[in-house]
Amino acid sequence: MARPWYKRQEIPDPQVRDAADHFESARQLLWAQPPGSGLLYPLLNAAAVAIELYLKCLSAEKVYHAGEGWGNICAKPSMRGHVLTTLFDNIDCDLQQELDSTYGSQLSAFGGLSFRDVLSQCEGALHESCYPFEPASDPAKYPLGLLMACSHSLHQFVAKLKTKDRIRY
């Protein structure tokens, strides 16, 4: 059985979004723990992965796997990697602008940054959370409040989006 489409997207992609929601839930649980709980790196990791997956759910493509008499539809990020600003640049301009206008005011406490600038400041938190033992490791270079606000804002943004299907045959 041939693939029924050339390219298909469902924005936000529900499979990628579901994974992002799991990491966001973990981030919220970790963030609620008192200071000194020894959970800084898991908190950084959960926030960074949630941010990455929310960005990927805004540009993922559907992948169709045909079997004998059956088919399976999965999601594939349209771009691989962990560079948040590159992932942001890969989503549609209208969604980028909507993110800026909707959440710019929420993030104004951090200096009125654009959403892309916020992502730039969060860049590297995933690596930091996985390799805290490396000589250049310094979790203090990631503003924790900004990282938490970014993850939370993306969660809210994606939750409010109306799903759009894009199919090219």
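Everything discussed here concerns the structure shown above.
(A) Expanded view of the overall build of the chain. A tally of regular secondary structure across the chain gives 7 helices and 4 strands. Reading the secondary structure of the chain in the N-to-C direction produces β-α-α-β-β-α-α-α-α-α-β. Buried positions account for 38% of the 169 residues belonging to the chain. In the chain, 74% of the contacts between residues at least 6 apart in sequence involve partners at least 24 apart. Counting only carbon and sulfur atoms, one obtains 54% of the accessible surface of the chain, whose full area is about 9,100 Å².

(B) Spotlight on the layout of surface pockets. Estimated volume of the largest pocket: approximately 150 Å³. Lining the largest pocket are L30, W31, Q33, P34, P35, G36, S37, G38, L39, L40, L43 and L144. At the level of elements, α1 (14-31) and α2 (40-57) are the ones that each hand at least two residues to the lining of the largest pocket. Considering only residue class, the lining of the largest pocket consists of 8 nonpolar, 4 polar and no charged.

(C) Quick look at the pattern of salt bridges. Tallied over the entire structure, the rule returns 5 salt bridges. Residue R27 is joined to E24 by a salt bridge in which the shortest nitrogen-to-oxygen separation is 2.7 Å. Of this pair, R27 and E24 both sit in helix α1, 3 residues apart, roughly one helical turn. Of the two residues, R27 and E24, both sit in the buried class. Residue R116 pairs with D89 through a salt bridge whose shortest N-O separation is 2.7 Å. Of this pair, R116 sits in helix α5 (residues 115-122) while D89 sits in helix α3 (residues 84-89), and the two are 27 residues apart along the sequence.

(D) Representation of the environment of L39. Within the secondary structure, L39 sits in the loop between α1 and α2. With residues up to four places along the chain from it excluded, the contact list for L39 reads L30 and Q33.

What counts and what doesn't
Residues numbered from 1 in each chain as written. Predicted model: local features only at pLDDT ≥ 70, side-chain atom pairs only at ≥ 80, totals over all residues. Heavy atoms only, no water. Helix = DSSP H or I, 4+ residues; strand = E, 2+ residues; numbered from the N terminus. Buried < 20%, exposed > 50% of the residue type's maximum accessible area, 1.4 Å probe, protein only. Contact = heavy atoms within 4.5 Å. Areas by Shrake-Rupley, 256 points an atom, 1.4 Å probe, with all protein chains shown as cover. 1 Å grid on protein atoms, 1.4 Å probe; cavity = no way out; pocket = protein on both sides within 12 Å on 5 of 7 lines; lining within 4 Å. Points joined across faces, edges and corners; volume = space filled by probe spheres on them. Nonpolar A, V, L, I, M, F, W, Y, C, P; charged D, E, K, R; others polar. Salt bridge = Lys/Arg side-chain N within 4 Å of Asp/Glu carboxyl O.

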